[in-house]
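# Structural overview
Now for the letters of each chain:
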Amino acid sequence: MDYGFPVDRLVQALKYGHRLSVSRLFVDLLAAQSVPEADVIIPMPLHVARLCRRGFNQAAELARPLAQRWGLPVVLDGVARDVDTVPQAGLPWKVRAANVRGAFRVTTRVEGLRVVVVDDVMTTGATLAELARSLKGVGAASVENRVLARTPRPG
């Protein structure tokens, strides 16, 4: 979906308003897509400081029930976000890739596996691309991203 009204308000209610019940709607929408040809699902990780501030990882809240519906294992702690990056939402599009460079460390075995990364919103794709680079760098056979919403490119 486009990250615009009303989807943007619902995502913000989940992430910043702690309205975890909204995740059920999001899971239903994501689960309606085709089941991915994958071996494992990994949610986009949060840095530990952001996780402590927010109290939960919204991507994990989506990944856990999606994995159950799709009959796939979910690895909730398979990737660490070692760098507490500036939130991408506050940065110009052109500097977002540099902001997340080297932010992830894969802590689980993914050699030869087809990985699905789950996240709530994709803007430029820089964070998803960096995580995919990290996963492929340790041997993942493929990385597919499943996101709830996409921010339209400016202009």
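Thresholds applied
Residues numbered from 1 in each chain as written. Predicted model: local features only at pLDDT ≥ 70, side-chain atom pairs only at ≥ 80, totals over all residues. Heavy atoms only, no water. Helix = DSSP H or I, 4+ residues; strand = E, 2+ residues; numbered from the N terminus. Core = buried A, V, L, I, M, F, W, Y, C linked by side-chain atoms within 4.5 Å. Buried < 20%, exposed > 50% of the residue type's maximum accessible area, 1.4 Å probe, protein only. Contact = heavy atoms within 4.5 Å. Axes fitted to C-alpha atoms, helices over the stretch in contact; angles between N-to-C directions. Parallel < 35°, antiparallel > 145°, perpendicular 65-115°, else oblique. Left-handed = near helix turned anticlockwise from the far one by under 90°. Nonpolar A, V, L, I, M, F, W, Y, C, P; charged D, E, K, R; others polar. Patch = residues over 30% accessible without salt bridge, like charges linked within 9 Å, V, L, I, M, F, W, Y side chains within 5 Å. Areas by Shrake-Rupley, 256 points an atom, 1.4 Å probe, with all protein chains shown as cover. Salt bridge = Lys/Arg side-chain N within 4 Å of Asp/Glu carboxyl O. Pairing = 2+ DSSP bridges.

### What to know about unusual backbone geometry
Of the consecutive residues Phe 5 and Pro 6, the connecting peptide bond is found in the cis state with omega at 0 degrees. Mapped onto the elements, Pro 6 comes out in the segment before helix H1 (7-17). Within the chain, His 18 stands out as a residue other than glycine whose phi angle is a positive 55 degrees. Note on placement: His 18 falls in the loop between H1 and helix H2 (22-31).

### Focus on the nonpolar core
By size, the foremost hydrophobic cluster in this structure holds 22 residues, and its most contacted members are Val 11, Phe 26, Ile 41, Leu 62, Leu 66 and Val 118. Of all the secondary structure elements, the ones that give two or more residues to this core are H1, H2, helix H4 (58-70), strand E4 (114-122) and strand E5 (142-150). Sequence-distant contacts of Leu 62, that is, excluding residues within four places in its chain, are made with Ser 23, Phe 26, Val 27, Leu 30, Val 118, Asp 119 and Asp 120. Counting residues in each nonpolar core, the second largest holds 20 residues, with Val 40, Ala 103, Val 106 and Val 115 among its members.

### A few points about the packing of H2 against H4
Each pair of packed helices can be summarised by the angle the axes make with each other and by the distance between the axes. One way to put it is that H2 packs onto H4 with a least axis distance of 9 Å and a crossing angle of 45 degrees. On the basis of their axis angle, the class for H2 and H4 is oblique. As H2 packs across H4, the resulting crossing turns out to be right-handed. Contact with H2, carried on its side by Ser 23, Phe 26, Val 27, Asp 28, Leu 30 and Ala 31, involves Glu 61, Leu 62, Pro 65, Leu 66, Arg 69 and Trp 70 of H4 and no other residues of that element. Among the residues forming the contact of H2 with H4, the class breakdown is eight nonpolar, one polar and three charged.

### Structural notes on the packing of H1 against H2
It is the contact of H1 with H2, at a shortest axis distance of 9 Å, that shows an interaxial angle of 125 degrees. Compared by their axis directions, H1 and H2 come out oblique. Seen along the crossing, H1 lies across H2 with a hand that is left-handed. Contacts from Leu 10, Val 11 and Leu 14 of H1 reach H2 at Val 22, Ser 23, Leu 25 and Phe 26. Of the residues assigned to the contact of H1 with H2, the class counts are six nonpolar, one polar and no charged.

### Section: a nonpolar patch on the surface
On the surface, a nonpolar cluster with roughly 320 Å² of combined accessible area is contributed by Met 1, Leu 10, Leu 25 and Leu 29. For Leu 25, the position within the fold is in helix H2.

### As for the pattern of salt bridges
Pairs may arise between side chains of opposite charge once their charged atoms sit close together. One pass over the structure, following the stated rule, counts nine salt bridges. A salt bridge links Asp 120 to Lys 15; its shortest N-O distance comes to 3.3 Å. Placement of Asp 120 in strand E4 and of Lys 15 in helix H1 is noted, with a sequence separation of 105 residues between them. Residue Asp 120 shares its accessibility class with Lys 15, and that shared class is buried. Among the salt bridges present, the one from Arg 109 reaches Glu 111, with a minimum N-O distance of 3.3 Å.

### A closer look at the pairing of E4
E4 sits mainly inside the fold: eight of its nine residues count as buried. Pairing geometry for strand E1 (residues 40-43) and E4, over four bridges, is parallel. If you follow Val 40 over to E4, its bridge partner there is Val 115. Looking at chain direction, E4 and E5 are connected through eight bridges and run parallel. When the bridges of E5 are listed, Arg 114 appears paired with Ser 142.

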